[in-house]
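# Fold and contact review
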Amino acid sequence: MKIKMIIFTLLFVSSLAAQNDKKISEALAFQEKMNAEFSNKLHSPLTEEDLASFSKLDFFPVDPDLVVTAKLKFHKNSKPFKMATTTDRQPIYKLYATASFKLNGKEHQLEIYQNQKLMLSTDYEDYLFLPFTDKTNGESSYGGGRYIDLSIPQSDTIVIDFNRAYNPYCAYNAKYSCPIPPKVNNLDTEIKAGVMAYKH
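So, here is what we can say about the structure in this document. (Residues numbered from 1 in each chain as written. Predicted model: local features only at pLDDT ≥ 70, side-chain atom pairs only at ≥ 80, totals over all residues. Heavy atoms only, no water.)

## Some thoughts on the environment of Lys79
Mapped onto the secondary structure, Lys79 falls in the loop between β1 (67-74) and β2 (81-82). The class of Lys79 is exposed, set by a relative accessible area of 70%. On a C-alpha basis, the gap between Lys79 and Ile24 in space is 38 Å, while along the polypeptide they are 55 residues apart. Non-local contacts of Lys79, meaning those with residues more than four positions away in its chain, are made with Tyr93 and Lys94. (Helix = DSSP H or I, 4+ residues; strand = E, 2+ residues; numbered from the N terminus. Buried < 20%, exposed > 50% of the residue type's maximum accessible area, 1.4 Å probe, protein only. Contact = heavy atoms within 4.5 Å.)

Given below as structure tokens:
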């Protein structure tokens, strides 16, 4: 009996380690892709001055524990609304679902949105938008909050990887118009993952 328990424990630990390795490698690939985009003058949101001296973005250390599986409550009959931005622009979104998950020992909820214009494009028809704020904003992360890109899931759960949280382009260049995370999406905890505050 003890041998079976030891074998089971070893298999569980091995499986958990493999899962964590996958989460870390995916997060590092995300970081590499972002740095490549920011280094490319054709795609970079940086000003010409900042691009000239750009090396790489600062990221929090990758944390596999900040990859959560959230339960979704869908809002199929939600009405379109205008989301506030840093300019007069007001893109139209719909509340797609409310995600519930446990993080840092607490239960949390975040609203996930769908851009009504982008969903008409074949390239973005399954794209979902998750803007949020947390207790690191204005300190180690951008004061205006961060975003996570998601895709429409095949079930009533969705994986949210906070290691892929990124800054709106407004954090780098004032010429951009960026959605402001709704107050309902303020997390009462620190999310020490993803892109950190940009230092010019």
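## Digging into the side chain of Asp134
Tracing the sequence through the fold places Asp134 in the loop between β5 (127-132) and β6 (146-151). Judged by its relative accessible area of 5%, Asp134 is buried. Polar contacts involving the side chain of Asp134 include one to the main-chain amide nitrogen of Ile191, which spans 3.0 Å. Excluding residues within four positions of it along the chain, Asp134 makes contact with Ser141, Arg146, Asn186, Leu187, Thr189, Glu190 and Ile191. (Polar contact = N/O pair within 3.5 Å; in protein donor to acceptor, adjacent residues only side chain to side chain.)

## Let's talk about the nonpolar core
Membership of the largest hydrophobic core comes to 23 residues, with the highest contact counts inside it found for Phe101, Ile112, Phe132, Ile148, Ile158, Ile160 and Phe162. Residue assignment for this core shows that the elements contributing at least two residues are β1, β3 (92-103), β4 (106-115), β5, β6 and β7 (157-161). Top element by residues in this core is β3. It accounts for 5 residues. Once you skip the residues sitting within four places of it in the chain, Phe132 turns out to touch Leu110, Gly145, Arg146, Ile148, Phe162, Ala165, Pro181, Asn185, Leu187 and Ile191. (Core = buried A, V, L, I, M, F, W, Y, C linked by side-chain atoms within 4.5 Å.)

## Some words on the state of the cysteines
Two cysteines joined by a covalent bond between their sulfur atoms form a disulfide. Counted according to the given criterion, the structure contains 1 disulfide. Across a sulfur-sulfur distance of 2.1 Å, Cys170 and Cys178 are joined as a disulfide pair. The chirality of the disulfide connecting Cys170 with Cys178 is right-handed, given an S-S dihedral of about 110 degrees. Assigned by exposure class, Cys170 and Cys178 land together as buried. (Disulfide = S-S within 2.5 Å.)

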